[in-house]
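Overview (structure and organization)
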Amino acid sequence: MSASPLAPGWLVPPADPNALAPAVWPEGAHRDESGVVAIGGVGATALAERFGTPVMVLDEGVARARAARTRTAFESAAARHGTGVRIYYAGKAFLSVEVARWMRQEGLRIDVSTLGELEVALAADVPAALLGFHGNNKSVTEIERAVEVGVGSIIIDSEIEVERLAAVAARQGRTQRVLIRVNTGVHAETHDFLATAHEDQKFGFSLGQAPHIVARVREADHLELEGLHCHIGSQIFGTDGFRESAARLLQVVAQIGGDVPVLNLGGGFGIAYTSADRATPIEELADGILDVVAAECAARGIPLPVVAFEPGRSIIGPAGVTLYEVGTVKDVTVDTEQGTANRRYVSVDGGMSDNPRPALYDAQYSARIASRASSDAPELVRVVGKHCESGDIVVDAEYLPADVAPGDLVAVAATGAYCHALSSNYNHVPRPPVVAVRDGAARVIVRGESIADLLARDAGLAPSRGDE
Ligand SMILES: *Cc1c(COP(=O)(O)O)cnc(C)c1O
């Protein structure tokens with residue numbers, strides 16, 4: 001089949017529009033004998049019948065396996081150089097009590113950045129000592145709670161915070177371990193390793209400022225300097241950005257005397273959202289980054305620190321699939337330079353309220369009909385949501401079987417990270433439930449909202465109504 005003139009260059013018409021590309025769909029996802037897509041051994045039609053649509057499905061086995069593989073990869077790479085690692089799961093990608101438990105059971109620590117995320121991790125019985133707390137504007141309440149429960153590391157992001165945190169720790173008679181966030185000027189997603197040290201963004205201290213902040217922390221009575229931190233962005237492929245950033249951070253470590261127990265290099269490992277994406281294997285990342293850390297330490301004559309990482313998306317993203325039901329299908333004639341072309345709009349029963357990433361970041365996704373296989377030829381479609389916004393796109397460009405029709409279930413791959421986490425009630429659409437699947441069984445891990453839940457928060461209702 002020839003490509004539609006409306007298809008982006010990277011999107012190749014598939015030989016079979018039923019096929020589930022293994023790099024994009026959760027490991028083990030397949031079509032059963034009747035053509036229904038099964039995730040974690042549970043069929044899409046059974047999930048839709050039981051939980052309704054839209055529904056976000058998380059494959060527990062895949063999430064756990066990715067967490068374990070990440071930990072093993074970094075532990076092995078670090079052990080080769082004679083040091084250790086800490087792997088923090090970045091909770092902001094997707095956090096619930098159940099997911100926090102999975103991560104803990106797979107040997108990961110957890111990163112939080114607000115009081116809400118902290119309370120979820122604590123509710124999951126993750127020991128506070130295994131938590132890291134980030135954020136450029138942590139409130140005094142957040143800092144007090146973090147210090148009181150014994151959060152392992154707090155990542156300092158401003159000079160004001162040095163004083164604020166020291167005062168809280170002093171009042172509580174505790175010593176708080178801290179890392180200092182450094183902006184290394186590396187932005188790997190843009191492949192633009194900035195030369196300037198004066199960068200126009202909100203996080204961290206410049207390479208030039210960092211030694212001064214280190215001195216402030218070392219002078220503070222109730223703070224203990226545990227290390228330096230950086231995070232170069234998200235959805236990054238390859239090792240170059242991480243290696244460059246690590247080298248720049250180690251230059252600061254050398255400047256401040258070399259005695260830094262922990263070097264935290266953040267998260268940001270990219271995943272495949274479409275068959276055009278090639279995710280870098282985690283082992284390659286681990287080896288490549290640890291090699292440069294070891295080489296830089298050797299060259300500068302400084303002891304090798306424990307190295308920490310904070311992956312979110314790469315652990316939970318590929319474990320998620322969102323199921324929607326098709327409501328309408330409509331052909332739209334579009335003018336192109338070669339004449340007119342047809343774009344088939346497939347409208348589903350969710351959209352930017354459960355996945356704002358296409359609207360926010362022009363993010364691309366992959367979709368398949370999940371409730372049946374079809375022998376029809378591939379047709380270029382745009383999967384859109386039900387919101388009152390023309391930018392309400394779910395999958396900008398995909399080839400689905402041409403007979404896609406109302407009542408079909410459409411599955412969108414790789415929605416585990418930053419979809420539920422960024423979801424909203426736009427247009428008063430209730431947020432869908434999150435269902436964990438594993439070994440043929442399904443269970444709700446985050447309850448979906450009902451219209452009654454939405455009305456319950458509306459204080460304009462008469463109290464008698466609101467209490468119902
Ligand atoms: C967002 C974030 C992460 C996680 O990024 P991913 O791309 O999900 O791996 C880790 N550390 C910090 C400080 C972050 O802000």
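All of these numbers come straight from a predicted model, not from anything done at the bench.

Each value, and the rule that gives it
Residues numbered from 1 in each chain as written. Predicted model: local features only at pLDDT ≥ 70, side-chain atom pairs only at ≥ 80, totals over all residues. Heavy atoms only, no water. Helix = DSSP H or I, 4+ residues; strand = E, 2+ residues; numbered from the N terminus. Rg over C-alpha atoms; globule rule 2.2 N^0.38 Å. Contact = heavy atoms within 4.5 Å. Areas by Shrake-Rupley, 256 points an atom, 1.4 Å probe, with all protein chains shown as cover. Phe/Tyr/Trp six-rings, centres within 6.5 Å; stacked < 30°, edge-to-face > 60°. Buried < 20%, exposed > 50% of the residue type's maximum accessible area, 1.4 Å probe, protein only. Near = heavy atom within 4 Å. Polar contact = N/O pair within 3.5 Å; in protein donor to acceptor, adjacent residues only side chain to side chain. Nonpolar A, V, L, I, M, F, W, Y, C, P; charged D, E, K, R; others polar. Pairing = 2+ DSSP bridges. Patch = residues over 30% accessible without salt bridge, like charges linked within 9 Å, V, L, I, M, F, W, Y side chains within 5 Å. Salt bridge = Lys/Arg side-chain N within 4 Å of Asp/Glu carboxyl O. 1 Å grid on protein atoms, 1.4 Å probe; cavity = no way out; pocket = protein on both sides within 12 Å on 5 of 7 lines; lining within 4 Å. Points joined across faces, edges and corners; volume = space filled by probe spheres on them. Axes fitted to C-alpha atoms, helices over the stretch in contact; angles between N-to-C directions. Parallel < 35°, antiparallel > 145°, perpendicular 65-115°, else oblique. Left-handed = near helix turned anticlockwise from the far one by under 90°. Core = buried A, V, L, I, M, F, W, Y, C linked by side-chain atoms within 4.5 Å.

Within the protein one finds 13 helices and 23 strands. Against the globule reference of 23 Å for 468 residues, the protein gives a C-alpha radius of gyration of 24 Å, in line with a compact fold. Relative to all contacts within the protein whose residues are 6 or more apart in sequence, the contacts with residues 24 or more apart total 72%. Of the roughly 19,300 Å² of accessible surface on the protein, a fraction of 49% belongs to carbon and sulfur atoms.

Here the focus is the packing of aromatic side chains. Applying the stated criterion across every chain, the model contains 5 aromatic pairs. On the numbers, 6.3 Å between centres and 45° between planes, the contact of Phe-269 with Phe-309 is tilted. Of the two residues, Phe-269 sits in the loop between strand E14 (262–264) and helix H9 (282–300) while Phe-309 sits in strand E15 (residues 306–309), which places them 40 residues apart along the sequence. Just as Phe-269 is buried, Phe-309 falls in that class too.

Turning our attention to the site of the ligand. Every one of the 14 residues lining the ligand counts as a neighbour, but Lys-92, Ser-234, Glu-310, Arg-313 and Tyr-418 are closest to it. Within the backbone of Gly-268, a nitrogen or oxygen atom sits 2.8 Å from an oxygen atom of the ligand. A distance of 2.6 Å separates an oxygen atom of the ligand from a polar atom in the side chain of Tyr-418. Expressed as a share of its isolated accessible area of 390 Å², the protein-covered part of the ligand is 92%. Among the residues making up the shell around the ligand, the classes are represented as 3 nonpolar, 7 polar and 4 charged.

Reading across from one edge, E1-E2-E3 is the order of the 3 strands in this open sheet, with antiparallel pairing throughout. Two strands bound the open sheet, and with one partner strand each, they are strand E1 (30–31) and strand E3 (42–43). As defined by bridge partners, E1 adjoins strand E2 (residues 37–39) across 2 bridges and the pair is classed as antiparallel. Counterpart to Arg-31 in the pairing with E2 is Val-37.

On the surface, Leu-360, Tyr-361 and Leu-422 cluster together to form a nonpolar patch covering roughly 300 Å² of accessible area. By secondary structure assignment, the location of Leu-422 is in the loop between strand E21 (409–413) and strand E22 (434–438). Of the residues examined, Leu-422 reaches a relative accessible area of 32% and is grouped as partly exposed.

Another point: empty space enclosed by the protein. This model, assessed by the stated rule, comprises 3 cavities of 30 Å³ or more. Within this model, the largest cavity holds a volume of roughly 60 Å³. The wall of the largest cavity is formed by Met-56, Thr-322, Asp-354, Cys-419, His-420, Ser-423, Pro-432 and Val-434. Its residues assigned to classes, the lining of the largest cavity comprises 4 nonpolar, 3 polar and 1 charged.

Evaluation of the coordinates by the stated rule reveals 26 salt bridges. Here Arg-216 makes a salt bridge to Glu-159, at a shortest N to O gap of 2.7 Å. Taken together, the residues Arg-216 in helix H7 (residues 210–219) and Glu-159 in helix H6 (residues 159–171) connect sequence positions 57 residues apart. What makes Arg-216 partly exposed here is its relative accessible area of 22%. With relative accessibility at 30%, the residue Glu-159 sits in the partly exposed group. The salt bridge involving Arg-431 is made with Glu-449; its shortest N-O contact spans 2.9 Å. With a gap of 18 residues between them, Arg-431 in the loop between E21 and E22 and Glu-449 in the loop between strand E23 (441–446) and helix H12 (451–456) connect regions that are remote in the sequence.

What follows covers the environment of Ile-316. When you line up the elements, Ile-316 lands in helix H10 (residues 313–316). Under the relative-accessibility criterion, Ile-316 is labelled buried at 0%. C-alpha separation for the pair Ile-316 and Ile-256, spaced 60 residues apart in sequence, amounts to 36 Å.

Within the secondary structure layout, Ser-4 lies in the segment before E1. When neighbours within four sequence positions are excluded, Ser-4 is seen to be in contact with Leu-380 and Tyr-399.

To continue, consider the packing of helix H5 (residues 140–149) against H6. Following both chains from N to C, one finds H5 and H6 inclined at 45°, their axes separated by 10 Å at the closest point. One way to sum up the angle between H5 and H6 is to call them oblique. Here H5 and H6 pass one another in a crossing that is right-handed. Side by side, H5 and H6 meet where Val-140, Ile-143, Glu-144 and Val-147 of the first sit next to Glu-161, Arg-164, Leu-165, Val-168, Ala-169 and Arg-171 of the second. By residue class, the composition of the contact of H5 with H6 is 6 nonpolar, no polar and 4 charged.

Let us now look at the layout of surface pockets. Here the largest pocket is characterised by a volume of approximately 950 Å³. Around the largest pocket, the lining comprises 44 residues; the ones closest to its centre are Lys-92, Arg-181, His-231, Gly-233 and Ser-234. Among the elements of the structure, strand E6 (109–112), strand E9 (176–183), strand E10 (186–187), H10 and helix H11 (357–361) are those that each provide at least two residues to the lining of the largest pocket. When residues of the lining of the largest pocket are assigned to their parent elements, the largest contribution, 3 residues, is made by E9. Of the residues assigned to the lining of the largest pocket, the class counts are 15 nonpolar, 21 polar and 8 charged.

Bringing the nonpolar core into the picture now. In terms of nonpolar packing, the biggest core is built from 89 residues, with Tyr-89, Met-103, Leu-228, Leu-265 and Val-293 touching the most fellow members. A per-element tally of this core places H9 first, with 8 residues. If near-sequence neighbours (up to four positions away) are discounted, Tyr-89 is found in contact with Phe-94, Leu-95, Val-99, Met-103, Leu-108, Arg-109, Ile-110, Asp-111, Pro-311, Gly-312, Ile-315 and Ile-316. Judged by nonpolar contacts, the second largest core, of 24 residues, contains Val-24, Val-36, Val-57 and Leu-323.

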